[in-house]
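# Chains, contacts and geometry: an overview
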Amino acid sequence: MKDDCYVIGICGGSGAGKTTLATMLARAFLPEQVALVSQDRYYRDLSHLLPRERAGVNFDHPDALEWELLRDHLCELKSRRDVRAPAYDFATHTRNGEAAIQASRIVILEGHLIFHAEPVRRLRDLKVYLHQEPDVLLTRRIMRDVQERGRSLDMVIDQYFSTVRTMYYDYVVPSRKWADVDVLFDDSELCVQKIMKTISDL
């Protein structure tokens, strides 16, 4: 692999294991060699809306994200320049500060819509798609949103059937065609090994 900044994109449905795989893959490199970037940081700030209005936003639609800012930050990172990424609060659907992301030799970007957004997709050197059974995706999403994002079980299930499932089939599944590596995330170690072998063969 060249010494230039190398961007790995990890895509898949909500609950597919993107964050887990990104974290595990990052451990395969020296800490100073890799930077992790989450699509979730780039949800649009909804502080101008009332709380009840924020709850009605379709967060699984591409328009919920500020792709221009993510594209600009990826361009900066590819040019080996640090960026200040937004910090996002899922409980209030607002941005609540910034976090420094240091320019690194390897950038790992994960998110469920990153293959759909063409300006962001073309900035990646390797595209990894994680596919998983829908019932597994729903179970994992329930666990995450209840435990980490302050949602009730009813809220998670209602959101899933009103928007998440439809957006998954409208935007996430079709973007699978862009993948360089397509894996079922049932064995995390094997996934990491497959990706590392793909990188080493370049």
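What comes next concerns the included structure. Values in this document were obtained by computation on a predicted structure and should not be read as measured data. (Residues numbered from 1 in each chain as written. Predicted model: local features only at pLDDT ≥ 70, side-chain atom pairs only at ≥ 80, totals over all residues. Heavy atoms only, no water.)

## Side note on the pairing of strand 1 (residues 6–12)
Two faces, one strand: in a regular strand the side chains alternate between the faces of the sheet. To keep things clear, this is the line we draw: Here the term buried applies to any residue with accessible area under 20% of the maximum for its type, exposed to any over 50%, and partly exposed to those in between, with areas from a 1.4 Å probe on protein chains only. Secondary structure elements follow DSSP: runs of H or I no shorter than four residues count as helices, runs of E no shorter than two count as strands, and numbering proceeds from the N terminus. Paired strands, in this sense, are two strands between which DSSP finds at least two bridges.
Within strand 1, seven of the seven residues are buried, which leaves the element mostly enclosed by the surrounding structure. Burial along strand 1 is two-sided: Y6, I8, I10 and G12 and V7, G9 and C11, pointing in opposite directions, are all buried. Two strands pair when backbone bridges link them, and strand 1 and strand 5 (residues 106–110) are joined in this way by five bridges, in the parallel orientation. Residue pairing for strand 5: G9 is matched across the bridge by L109. When strand 1 meets strand 6 (residues 126–131), the two strands line up parallel, connected through five bridges. Paired with I10 across the bridge in strand 6 is V128.

## Description of the packing of aromatic side chains
Definition in use: A pair of aromatic rings is counted whenever rings of Phe, Tyr or Trp (Trp by its six-membered ring) have centres within 6.5 Å, and the orientation is called stacked for planes under 30 degrees apart, edge-to-face for over 60 and tilted otherwise. Criterion for a charge above a ring: Lys NZ or Arg CZ within 6 Å of the ring centre, and within 35 degrees of the ring normal.
A complete count under the given rule lists six aromatic pairs for this structure. Judged by centre distance (5.8 Å) and plane angle (75 degrees), the ring pair of Y43 and F90 falls under edge-to-face. On the criterion of sequence distance, the pair formed by Y43 in the loop between strand 2 (34–38) and helix 2 (51–54) and F90 in the loop between strand 3 (83–89) and strand 4 (94–101) is long-range, its members being 47 residues apart. By the burial criterion, Y43 is buried, and F90 matches it. Here the aromatic rings of Y88 and F90 are separated by 5.0 Å at their centres, their planes lie at 75 degrees, and the arrangement is edge-to-face. Look at F90 and you get buried, because its relative accessible area is 17%. Members of the aromatic cluster, joined through ring pairs, are Y43, F59, Y88 and F90. If you follow R121 out to its NZ or CZ, it ends over the ring of W178, 3.7 Å from the centre.

## Here we look at the nonpolar core
What counts, and what does not: Side-chain atoms within 4.5 Å are what join buried Ala, Val, Leu, Ile, Met, Phe, Trp, Tyr and Cys residues into a set we call a nonpolar core. Contacts between residues were defined by any pair of non-hydrogen atoms, one from each residue, lying within 4.5 Å.
By size, the foremost hydrophobic cluster in this structure holds 57 residues, and its most contacted members are I8, I10, L21 and V128. If we ignore the near neighbours within four places in the chain, the residues touching I10 are K18, L21, A22, L25, I108, L109, E110, G111, I114, V128 and L130. Ranked by size, the runner-up nonpolar core spans five residues in total, among them L138, V156, Y160 and V164.

## Side note on the side chain of Q159
By the element assignment, Q159 lies in helix 6 (residues 153–172). Classification of Q159 by relative accessible area gives buried; the value is 16%. Apart from the residues lying within four places of it in its own chain, the contact partners of Q159 are F59, D60, R141, D145, R151 and V164.

## Looking at the pairing of strand 4
As judged from the six bridges shared by strand 3 and strand 4, these two strands associate in the antiparallel manner. Considered in strand 4, the bridge of P86 is made with E98. Taken together, strand 3 and the strand that follows it, strand 4, pair antiparallel across an intervening segment of four residues, in which H93 is found at a positive phi of about 60 degrees.

## A short note on unusual backbone geometry
A positive phi angle is found at R80, which is not glycine, with a value near 65 degrees. Within the secondary structure layout, R80 lies in the loop between helix 3 (67–78) and strand 3. Here the phi dihedral of H93 falls at roughly 60 degrees; this positive angle occurs in a residue that is not glycine. Structurally, H93 is set in the loop between strand 3 and strand 4.

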